[in-house]
Amino acid sequence: MWLRTLRLENFRNYERLELELSSSLNTFFGPNGSGKTSILEAVSFLAVARSLRGSGDSEVARWGEAGFGVGGEIVSDGPARSITLRYAKGGTKDVTVDGEPLAKLSNLVGVLRVAWFCPEDTWITKGGPAARRKLVDLTLCQIDRPYLAALSNYRRALRQRNEALLAWTPDEESERVVEVWTDRLIEYGSRVVATRLTMLPRFSEAVSRFQKLVAGGDELTLRYKGSVALDAGRGGAPAEGPPSDAALDEDLVAERFRDALERRGDEERRRGYTVVGPHRDDLEVLLNGRVLRSFGSQGQHRTAAIALKLGEAAVLDTDGHGVVVLLDDILSELDDRRAGALVELVGGHGQALLTSTRPMPDGVVGGEPAASFRVEAGEVVRQ
Amino acid sequence: MISLPPALERLVQMLSRLPGIGRKSATRIALRLLDGSEAECRELARSIVEARERTRRCSICGGLTEDDPCAICTDVRRDERLVCAVERSSDILALERTGRFRGRYHVLGGLLSPLDGIGPENLRIDLLLERTRSGNLSEIILALNPTAEGEATALYVAKLLAPLGVQVTRLASGLPVGGDLDLADELTLGTAIEERREL
């Protein structure tokens, strides 16, 4: 699967733009603020119906315009599919696939899969767990629609439960309200955790493989650090590495989740919010068996980030669906060796869109990029 | 920018408060009303006021009615021991369209949602319990949406009903009738597998 055509209308600084893309590497170069990232951002709208740059819908519309549109044609094994997304300020976002309006925006997710890599991501192994959870969630949501539903239900149930805990008073009715939201939390939350755990070995294997390709000898692995102890009660010390198959079972996760919530029930009622659950979990990144976050050098973090992002792309591509890798200004963050390895691995993988303030320096890329575009003040010219 | 004459502007503002009607639609409706005859406008205004004045909630089920108790609650051909609990009175209309349900109804008037400040005391749960205690009910069907709020409310009600010895059921979820397995989304199909039944 790859994106053959991209159309923008009143999107950021583009009044109208239509691009024919290459199925491998597409490079967009030009000065800062010329509109390179906006092209990647438009692709993210076709994939997940929102900006992966983190902007609100209304910020994306061209200055003075009441909305915007993004369209694209996706080539895969079957017939080409055409996606159109329209946003009108103060309200609606509509998506059509092959001319058919989608009842729910979430039905779009997964048609076009993307992995987004920007300079902030080079700190993903150093910062807090939220960024790593986001990486896992964004990956899983694109390949597993029930996960997307479970996650959004979980977030909803979590907010409801926190509100119920905040209003909690020591009486039967109040307790019963908390109980029914606990039940929802466990139902959706255990599905979230079980799905994450099922995906983890594949992800960890891919990350480890890419780490070796980029950096040679060091062993990079992933470990799920759950706020619900999945190994507890099975005897022995906490398990290292991915948990055994038994832990992947949703029912077992649910049981452990319930135990953990019961154990910390008093604390939750005192504090007025939920203290255990997948919203507090972490994806630990280990370099040669040690948690990278606590000791890694800047170079080690950057290499690990590349391996994680390439691993993400590999997981998104697991069933041969194909993935579009979006690399936003990433070369500026990396030395030539790492940049070269990244571009080569990405280019060999499938379609990629890359932005850079300078044309691809000689030697960074093994082969010629398949398509190169010069971007300047909202004008995009294929070289 | 030219603004609308004051009276017309007021009408547009009133209309745009209605659900699903934005300013654009409100303006179109208002202009269409002005194009019509004065009699037509009076008729519309009168029917709004009349509907408001005559319609009330049934004191038993909470459904909309002109006569209290409502036609469903007084229909002796319907099974009074079988009660279907719904979120809103509009859900009664949907279930009645099926023609399959011959019991009575109970409108809860919403779903539990701490985020919106809706607790048990804001719903007609007490009245359902009272009905169950005094009415010798055999089964209560909880016909609530399969959302987080719907499921939480169903569980809440079920917990309170449990000691009363009434059978509590909920609507099945699964494949649409006449649907194609190929076209069902993973969630619906997954639920259909979980909730499969013996032939």
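Residues numbered from 1 in each chain as written. Chains lettered and ligands numbered in written order. Predicted model: local features only at pLDDT ≥ 70, side-chain atom pairs only at ≥ 80, totals over all residues. Heavy atoms only, no water.

A.B. asks: Explain the environment of B:E96 to me, please; I cannot follow it from the model alone.
C.D. replies: All names here are of chain B. Position of E96 relative to the elements: it lies in helix α5 (residues 89–98). E96 gets classed as partly exposed once you look at its relative accessible area, which sits at 28%. Here E96 is in contact with I72, R78, F101 and Y105, once residues within four sequence places are set aside. Among the polar contacts made by the side chain of E96, one reaches the side chain of R78 at a distance of 2.8 Å. (Helix = DSSP H or I, 4+ residues; strand = E, 2+ residues; numbered from the N terminus. Buried < 20%, exposed > 50% of the residue type's maximum accessible area, 1.4 Å probe, protein only. Contact = heavy atoms within 4.5 Å. Polar contact = N/O pair within 3.5 Å; in protein donor to acceptor, adjacent residues only side chain to side chain.)

A.B. asks: What is the right way to look at the state of the cysteines in this model?
C.D. replies: Covalent bonding between the sulfur atoms of two cysteines defines a disulfide. This model, assessed by the stated rule, comprises 0 disulfides over all chains. With no disulfide of its own, B:C73 lies closest to B:C70 among cysteine sulfurs, the gap being 3.7 Å. (Disulfide = S-S within 2.5 Å.)

A.B. asks: Explain the interface of chain B and chain A here, please?
C.D. replies: Size of an interface, as often reported, equals the accessible area lost when the parts are brought together. Counting residues at the interface gives 18 residues for chain B, matched by 18 residues for chain A. For the pair chain B and chain A, the summed buried surface comes to about 1700 Å²; carbon and sulfur atoms form 67% of the total. Across the pair A:E179 and B:K159 runs a salt bridge whose closest N-O atoms are separated by 2.8 Å. At the boundary of chain B and chain A, one finds 5 residue pairs in polar contact (both at pLDDT 80 or more). Of all elements in the fold, only α7 (148–161) and α8 (186–194) of chain B reach the threshold of two or more residues within the side of chain B that touches chain A. Among the elements that line the side of chain B that touches chain A, the one with the most residues is α7(B), at 8 residues. In terms of residue class, the side of chain B that touches chain A is built from 10 nonpolar, 2 polar and 6 charged. (Buried area = accessible area lost by both parts, 1.4 Å probe. Salt bridge = Lys/Arg side-chain N within 4 Å of Asp/Glu carboxyl O. Nonpolar A, V, L, I, M, F, W, Y, C, P; charged D, E, K, R; others polar.)

A.B. asks: Got a minute to help me understand the domain arrangement of chain A in this structure?
C.D. replies: Residue and element names in this part refer to chain A. Per the domain assignment, the segments making up chain A are domain 1 (2–113 + 320–382) and domain 2 (129–199 + 227–276). Using only C-alpha atoms to locate each centre, domain 1 and domain 2 end up separated by 35 Å. Taken together, the contact pairs 9 residues of domain 1 with 6 residues of domain 2. For the pair domain 1 and domain 2, the two sides together bury roughly 660 Å², of which 57% comes from carbon and sulfur. The interface formed by domain 1 and domain 2 holds 0 salt bridges in total. In this structure, the connection of domain 1 to domain 2 is made through 3 residue pairs in polar contact (both at pLDDT 80 or more). Looking at the side of domain 1 that touches domain 2 residue by residue, the class counts come to 4 nonpolar, 3 polar and 2 charged. (Domains from an automatic or database assignment.)

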